[in-house]
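# Examining the three-dimensional arrangement
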Amino acid sequence: MDSWTTRLLMVTRLLIFGCAVLLFSSISRASEPKRVIVLHSYGQNFKPWGEYAKALRQELEGRSQWALDVQDFSVITARSEDERAEVEFSNYLRALFSHQAPDLIVAFGAPAGAFVQRQRAQLFPNAPVVLSAIDERRVQDAALTKNDAVVAVRQDVPVLFGNILRLLPETKTIAVVIGNSPNERFWIAEMKRKLEPLSDRVQFLFLNDLSFEDVLKRAASLPPHSAIWWNQPQVDAVGAVHDGERALKELYAVADAPIFSYDDSFLRGEIVGGPMTSVADGARATANVALRILAGEIPGDIKTPVLQYGPPKYDWRQLQRWGISETLLPPGSQIYFRESTIWQKYGWQIALASLIILVQSALIGRLLFVQRQRQYAESQARQRTADLARANRFSMAGELTTLIAHEINQPLAAILTNAETLELVLRSSGPEMDEAREIVADIRRDNERASEVIRRLRSLLKKTPFELNSLNLNDIVREATEFLSALAAARGVTLTSLISPIALPIKGDKTQLQQVIVNLVTNAMDAMSDLPAGKRRLTISTRRADNLGEVSMADTGPGIPPEKAKDVFEPFFTTKPQGMGMGLSIARTIIEAHQGQILAESETTGGAVFRIRLPLVLSNSE
Ligand code: ADP
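This text gives an overview of the structure that appears in the document. (Residues numbered from 1 in each chain as written. Predicted model: local features only at pLDDT ≥ 70, side-chain atom pairs only at ≥ 80, totals over all residues. Heavy atoms only, no water.)

Let us now look at the pattern of salt bridges. Where charged atoms from two side chains of opposite charge come close, those side chains can pair. The final tally for this structure, using the stated rule, is 34 salt bridges. The salt bridge involving glutamate 190 is made with lysine 194; its shortest N-O contact spans 3.2 Å. Here glutamate 190 and its partner lysine 194 are both found in helix H6 (residues 182-195), four residues apart, which amounts to about one turn of the helix. For lysine 313, the salt bridge identified is with aspartate 264, shortest N-O distance 2.8 Å. Taken together, the positions of lysine 313 in strand E11 (residues 313-315) and aspartate 264 in the loop between strand E9 (259-260) and strand E10 (273-274) put the pair 49 residues apart, joining distant regions of the chain. Overall, aspartate 264 belongs to the buried group, its relative accessible area being 17%. Salt bridges sharing partners connect three or more residues here, namely Lys47, Glu51, Lys54, Glu245, Lys249, Arg268 and Glu270. (Salt bridge = Lys/Arg side-chain N within 4 Å of Asp/Glu carboxyl O. Helix = DSSP H or I, 4+ residues; strand = E, 2+ residues; numbered from the N terminus. Buried < 20%, exposed > 50% of the residue type's maximum accessible area, 1.4 Å probe, protein only.)

Okay, here's the thing in structure tokens:
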């Protein structure tokens, strides 16, 4: 191989090697994560900046096409502007990233922003920087390089405080709760300047020279018509730092005045609200810039307009608490935490429950209506039965007339005879007074007998409403039997009554029960009418059967065939030429109205037995 060929080969090898190295390094760089430094003002948890940093991280995680290595550092030195420490901190960062500068630095808040701008020349001058969550007044424009981008906000002090006076025009005092760090002192001066025009209307109390403990005491004793401006005192007058949410919660617990603030990271239940900067908007705008820078754009070329307040935001609960009408809010305001009404919360459950109640009510209404109709029908039926029973009694009365005439005639004839005898006795010269007295006693007795017959007849025929009274079943049977004994004699029937010696207490309607007995007795007499006189026998007996009182009437008539035992109680069932067929049907209705039972059987010896069973009213011991 000649020397030319050897050289050519070497050059080719070198070229291939060089290309391979380049290719390899670019592949390895592309797969490396992008390193992002996040610089926090004072500490990671200081509001509002900490909230912006968290939101940015979420935005980047969701939207970045590269793997990211986000590293957080807190610019603690800014709490006191300790320059020596600041330089050491800057050196520390440089040392950490000495082998390779970060791909992006994001500084949140003015204190972190100021640190970056001061250290820019030493701190990775070629690394891109984004200053975020910073008021435009806090950016040192002259110190910005082509590697710096800014996502600034504008806090408009007159607008912020004007909101308080719009909602609460009576306000006389506004206590400004703010710390005393260098950054905060900037804002105190700025606020005092901007609020000067309002000073004749409102007294502003800047509480920056108090410890937070004293701030709380002061807030607890503000005069009427006061409001509080919350500018989270990050480092208070005694150097205590207040990050997170505790300080605001403590203030809220003691303060008797509405609290206002400037960023929606504070809108968590303590502040009333108004125009304010938005964490979500700020984080989104910062993420947009960060991603463009990571994609290769020159930071200085990315111009983001200063973020303005969006629509004012209010906490409904605080509006309620301080009696602020929604009509006072600027148009387009957004109201948060509105407590939904019971309807909004449980709308469908209430609707369902109402529907169920409605359906139930309708059903209950219907049931009550049906019940009332039934009761009415029952009372009508009872009335009809009573009327029918009375009609039936009158029909029986015809039959009884002969008997009654006979019954009454007897005492009347006796009275007449006695009266004539008395007349004779009185006419005689020496009246026998003892005899006369006896005759008068006889007259009275006969007279009472006649009256009794009439009374019983009347009681049987009288129209009375159905009425339950405490009765002894034995008494009813006894009375009815006495009444019927004359009829039995007239019709040649031997009437025997076997009354139980045990009382049979029941609840019943005397007239109706007696009617049933009279009915059964007359039926029995009818049934025996074909028998020779000596064979007509009717036995009425009472007894106690468990909890029932029973009356049975056994005759010696033809009896009732078993298949007819039920039919005889049906209305209009009769085997008599002149019969109505209503007697037993009415009897059954009456007995059933007494919760009792009426049965018809035939004796084995022939003849019919009718049994009435009524529930006894027993005391517990019986
Ligand atoms: P009525 O007496 O008008 O016929 P009831 O309803 O009182 O109406 O009686 C119905 C029928 O029952 C009678 O016609 C008779 O056939 C039968 N009956 C009632 N009591 C007896 C009895 N003790 N022995 C035989 N049959 C009887």
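Back to the write-up after that little detour.
Let us look at the layout of surface pockets. Roughly 250 Å³ of internal volume is contained in the second largest pocket. In terms of lining residues, the second largest pocket is bounded by 15 residues, among which Asp141, Leu144, Ala149, Val150 and Lys303 are the most central. In the lining of the second largest pocket, the residues fall into eight nonpolar, three polar and four charged. (1 Å grid on protein atoms, 1.4 Å probe; cavity = no way out; pocket = protein on both sides within 12 Å on 5 of 7 lines; lining within 4 Å. Points joined across faces, edges and corners; volume = space filled by probe spheres on them. Nonpolar A, V, L, I, M, F, W, Y, C, P; charged D, E, K, R; others polar.)

Another point: unusual backbone geometry. Backbone torsion omega between lysine 47 and proline 48 reads 5°, so that peptide bond is classified as cis. Relative to the helices and strands, proline 48 resides in the loop between strand E1 (34-41) and helix H2 (49-63). You will see that tyrosine 42, though not glycine, has its phi angle at about 75°, which is positive. By the element assignment, tyrosine 42 lies in the loop between E1 and H2. On the basis of relative accessible area, tyrosine 42 is assigned to the buried category, the value being 0%.

With that settled, consider the pairing of strand E7 (residues 203-206). Of the pairings in the sheet, the one linking strand E6 (residues 173-178) to E7 comprises four bridges and is parallel in character. Looking across to E7, one finds that isoleucine 174 is bridged to phenylalanine 204. For the segment spanning E6, H6 and E7, crossover handedness is right-handed. (Pairing = 2+ DSSP bridges. Right-handed = clockwise from strand over helix to strand, strands pointing away.)

By size, the foremost hydrophobic cluster in this structure holds 51 residues, and its most contacted members are Leu39, Leu104, Phe108, Phe115, Val130 and Leu131. At nine residues, the largest contribution of residues to this core is made by helix H9 (residues 279-294). Setting aside residues up to four positions removed in sequence, valine 130 forms contacts with Leu104, Ile105, Val106, Ala107, Ala149, Val151, Thr286, Val289 and Ile293. (Core = buried A, V, L, I, M, F, W, Y, C linked by side-chain atoms within 4.5 Å. Contact = heavy atoms within 4.5 Å.)

This part covers empty space enclosed by the protein. As enumerated under the stated definition, the model contains five cavities of 30 Å³ or more in all. Taken as a whole, the largest cavity spans an internal volume of roughly 320 Å³. Lining the largest cavity are 23 residues, and of these Trp49, Gln155, Trp187, Asn231 and Tyr262 sit closest to its centre. Of all the elements in the fold, those that place two or more residues in the lining of the largest cavity are H2, strand E4 (129-135), helix H5 (157-167), H6 and strand E8 (226-231). Partitioned by chemical class, the residues of the lining of the largest cavity number 14 nonpolar, six polar and three charged.

Reading across the sheet, the four strands line up as E7-E6-E8-E9 and stay open at both edges, with parallel pairing between neighbours. Across the chains shown, the open sheet's two edge strands, defined by having one partner strand only, are E7 and E9. Sheet strands in contact with H5 are E6, E7, E8 and E9, and its direction is about 155° off that of E8. (Axes fitted to C-alpha atoms, helices over the stretch in contact; angles between N-to-C directions.)

Across the sheet, which stays open at both edges, the three strands sit in the order E10-E11-E12 with mixed pairing between neighbours. Edge positions in the open sheet fall to E10 and strand E12 (334-336), since each of these has one partner strand only. Inspection of the sheet shows E11 paired to E12 by three bridges, in the parallel sense. Of the residues in E12, the one forming a bridge with lysine 313 is glutamine 334.

This next bit is on the site of the ligand. Around the ligand, the structure places 20 residues, and the nearest of them are Thr574, Thr575, Lys576, Gly581 and Leu584. One of the side-chain nitrogen or oxygen atoms of aspartate 555 is found 2.9 Å away from a nitrogen atom of the ligand. Between threonine 575 and the ligand, the recorded distance is 2.4 Å, taken from a side-chain N or O atom to an oxygen atom. Elements represented by at least two residues in the shell around the ligand include exactly helix H14 (510-527), helix H15 (583-593) and strand E19 (608-615). Top element by residues in the shell around the ligand is H14. It accounts for four residues. (Near = heavy atom within 4 Å. Polar contact = N/O pair within 3.5 Å; in protein donor to acceptor, adjacent residues only side chain to side chain.)

Turning our eyes to something else, we now look at the packing of aromatic side chains. As enumerated under the stated definition, the model contains 13 aromatic pairs in all. Summarising the aromatic geometry, the rings of phenylalanine 73 and tyrosine 92 are spaced 6.4 Å apart at their centres and angled 75° between planes, so their arrangement reads as edge-to-face. Taken together, the residues phenylalanine 73 in strand E2 (residues 68-75) and tyrosine 92 in helix H3 (residues 83-96) connect sequence positions 19 residues apart. By relative accessible area, phenylalanine 73 is classed as buried at 12%. (Phe/Tyr/Trp six-rings, centres within 6.5 Å; stacked < 30°, edge-to-face > 60°.)

To continue, consider the side chain of asparagine 208. With respect to the secondary-structure elements, asparagine 208 resides in the loop between E7 and helix H7 (212-220). With relative accessibility at 12%, the residue asparagine 208 sits in the buried group. Residues in contact with asparagine 208, not counting those within four places in the same chain, are Ile178, Gly179, Asn180, Ile188 and Ala237.

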